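Given next are the chains, with one letter for each unit.
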Amino acid sequence: MKTLTKELWMDVPKRRQIISIHNDVENLVAESGVQDGMVLVNAMHITASVFINDNEPGLHADYDRWLEELVPFDAGTDPATGGYLHNRTGEDNADAHHKRQIMGREVVVAITNGRLHLGPWEHIFYYEFDGRRRKRVLVKVIGE
Amino acid sequence: MKTLTKELWMDVPKRRQIISIHNDVENLVAESGVQDGMVLVNAMHITASVFINDNEPGLHADYDRWLEELVPFDAGTDPATGGYLHNRTGEDNADAHHKRQIMGREVVVAITNGRLHLGPWEHIFYYEFDGRRRKRVLVKVIGE
Amino acid sequence: MKTLTKELWMDVPKRRQIISIHNDVENLVAESGVQDGMVLVNAMHITASVFINDNEPGLHADYDRWLEELVPFDAGTDPATGGYLHNRTGEDNADAHHKRQIMGREVVVAITNGRLHLGPWEHIFYYEFDGRRRKRVLVKVIGE
């Protein structure tokens, strides 16, 4: 069995931001030498997601607006007025912990003939909901 | 290590449709000869999901109504009137890209003693949100 | 290739309950002897989730309230009055089958140097939405 393990660090200047990590994952799969196997790609932060969908900025803006509707940002600590109990810890990112559950923590992608085995429009992204600092993603390849 | 890779094609006559792929996955796991390992089953389309839940038509109708409430179909391109920026690309399937994020892209299932290792009611489905054409699912088995 | 397969049983006295399974998974990874690989942790019930997020009770209460807003419990069978078609089977847990889709069925976690390879705040939980009986989670380790 061959494996490759890599933490990808990136700058995330905005609070909420979608960043393509597709080429990074593609290159790491090539570097691993694995011909047949799987790659796990996961956020290492609990206010962030890794997801696969369209590389289209209109859709990304739609996601942002929709997630804000489903679980609005609110720094308050009183659920009766739209706040969150989690913010009593001194943080203001409770909404981010919810948004990440909608979009998911991780993806697992097949590797066939040494390459990511994806449909034509599948593209791998990191989605941060509480950024403005350096963040990281874990890439783990296993196979042979 | 043994592996098996298979793209399952299927006809999806309706726009939104849930299709059981459980027996197909079961048969591919048997065909792989893997006794102990994992199988990844993922949609190859970004408007579709693979999920595990009950094989019960009432629940499936409930899912459909609920997803339509969380993110209604709207062919429009103006978010102020219920539309989506993504539809400015000329498509009308922005809602489908959202619904798939709720239901998920993929499942990973354990294989033990040569069989899918599932709880008593777990059943594997494909859920298309923008069908009316042929679609496919990837099945990737690894193990020994 | 090394593997380990274990079903973790637990008592779930409440209808909805979040239970840490983090240490159990950590111990099983150590027991497996796998240095480099992956562990799959999944609910074996279709009204439950395995998820990774903060070990903070305020957040867990926020999740519970939020999920109840997105898909309220209702034992009724008429969607026009807030019920669910699924409850016509004689059950009252249709909401639980929906909540589990938001929070997810499973997580896949990398193993590096014989340990769970996680970010600093990642913690593994089981989330039951229709408890009051014994429930189980599957842990499957593969690697070398």
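Residues numbered from 1 in each chain as written. Chains lettered and ligands numbered in written order. Predicted model: local features only at pLDDT ≥ 70, side-chain atom pairs only at ≥ 80, totals over all residues. Heavy atoms only, no water.

### So, the sheet that holds strand β1 (residues 2–12) of chain B
Residues and elements named next belong to chain B. If you trace the five strands from one edge of the open sheet to the other, you get β1-β8-β3-β5-β6, paired in antiparallel fashion. Two strands in the sheet have a free side with no partner beyond their single neighbour: β1 and β6 (115–116). Two elements, strand β3 (residues 36–43) and strand β8 (residues 133–143), share seven bridges in a ladder whose sense is antiparallel. For M38, the partnering residue across the bridge sits in β8 and is I142. Packed on one face of the sheet, helix α1 (residues 22–32) meets β1, β3, β5 (106–112), β6 and β8 and runs near 155° to β1. (Pairing = 2+ DSSP bridges. Helix = DSSP H or I, 4+ residues; strand = E, 2+ residues; numbered from the N terminus. Contact = heavy atoms within 4.5 Å. Axes fitted to C-alpha atoms, helices over the stretch in contact; angles between N-to-C directions.)

### Some thoughts on the pattern of salt bridges
Residues and elements named next belong to chain C. Overall, the coordinates contain 45 salt bridges over all chains when judged by the stated rule. For E68, the salt bridge identified is with K99, shortest N-O distance 2.7 Å. Within this pair, whereas E68 is found in helix α2 (residues 57–70), its partner K99 is found in helix α3 (residues 94–103), the two being separated by 31 residues in sequence. Assessed through its relative accessible area of 24%, E68 is described here as partly exposed. Here K135 and E128 are joined by a salt bridge, their closest N and O atoms 3.6 Å apart. (Salt bridge = Lys/Arg side-chain N within 4 Å of Asp/Glu carboxyl O. Buried < 20%, exposed > 50% of the residue type's maximum accessible area, 1.4 Å probe, protein only.)

### Quick look at the pairing of strand β2 (residues 17–20) of chain A
All names here are of chain A. Side-chain alternation along β2 places Q17 and I19 on a buried face and I18 and S20 on a face that remains uncovered. Pairing of β2 with strand β7 (residues 123–128) involves four bridges; the strand directions are antiparallel. If you follow I18 over to β7, its bridge partner there is Y127.

### Considering the relation of the copies chain C and chain B
You can overlay chain C on chain B at an RMSD of 0.0 Å; the transform is a turn of 120° with a shift of 0.0 Å along its axis. The superposition of one copy onto the other is thereby described by a three-fold rotation axis. Within chain C, I102(C) has its C-alpha nearest the rotation axis, a separation of 3.4 Å. (Least-squares fit on C-alpha atoms with pLDDT ≥ 70 in both.)

### Observations concerning the nonpolar core
Generally speaking, a soluble globular protein has its nonpolar side chains buried in company with each other. Grouped together as the largest cluster of nonpolar side chains are 45 residues, with contacts concentrated most on I102(A), I102(B) and I102(C). Once residues within four sequence positions are removed from consideration, I102(A) is found in contact with W66(A), L67(A), L70(A), Q101(B), I102(B), W66(C) and I102(C). (Core = buried A, V, L, I, M, F, W, Y, C linked by side-chain atoms within 4.5 Å.)

### Some points on the interface of chain A and chain B
Facing 35 residues of chain A, the contacting portion of chain B comprises 32 residues. Taking both partners together, chain A and chain B bury about 2,700 Å²; carbon and sulfur atoms supply 61% of that area. Sorting the residues of chain A by area buried against chain B places M38(A), W66(A) and H117(A) first, and these three jointly supply 21% of that buried surface. The interface formed by chain A and chain B holds two salt bridges in total. Measuring nitrogen to oxygen at the nearest pair gives 2.7 Å for the salt bridge that ties E122(A) to R105(B). Among the secondary structure elements, those contributing two or more residues to the side of chain A that touches chain B are β3 (37–43), β4 (48–53), α2 (57–70), α3 (94–103), β5 (106–112) and β8 (133–143) of chain A. For the side of chain A that touches chain B, the element with the highest residue contribution is α2(A), accounting for eight residues. Residue composition of the side of chain A that touches chain B, grouped by class: 20 nonpolar, seven polar and eight charged. (Buried area = accessible area lost by both parts, 1.4 Å probe. Nonpolar A, V, L, I, M, F, W, Y, C, P; charged D, E, K, R; others polar.)

The values reported here are purely geometric and, on their own, carry no functional implication.
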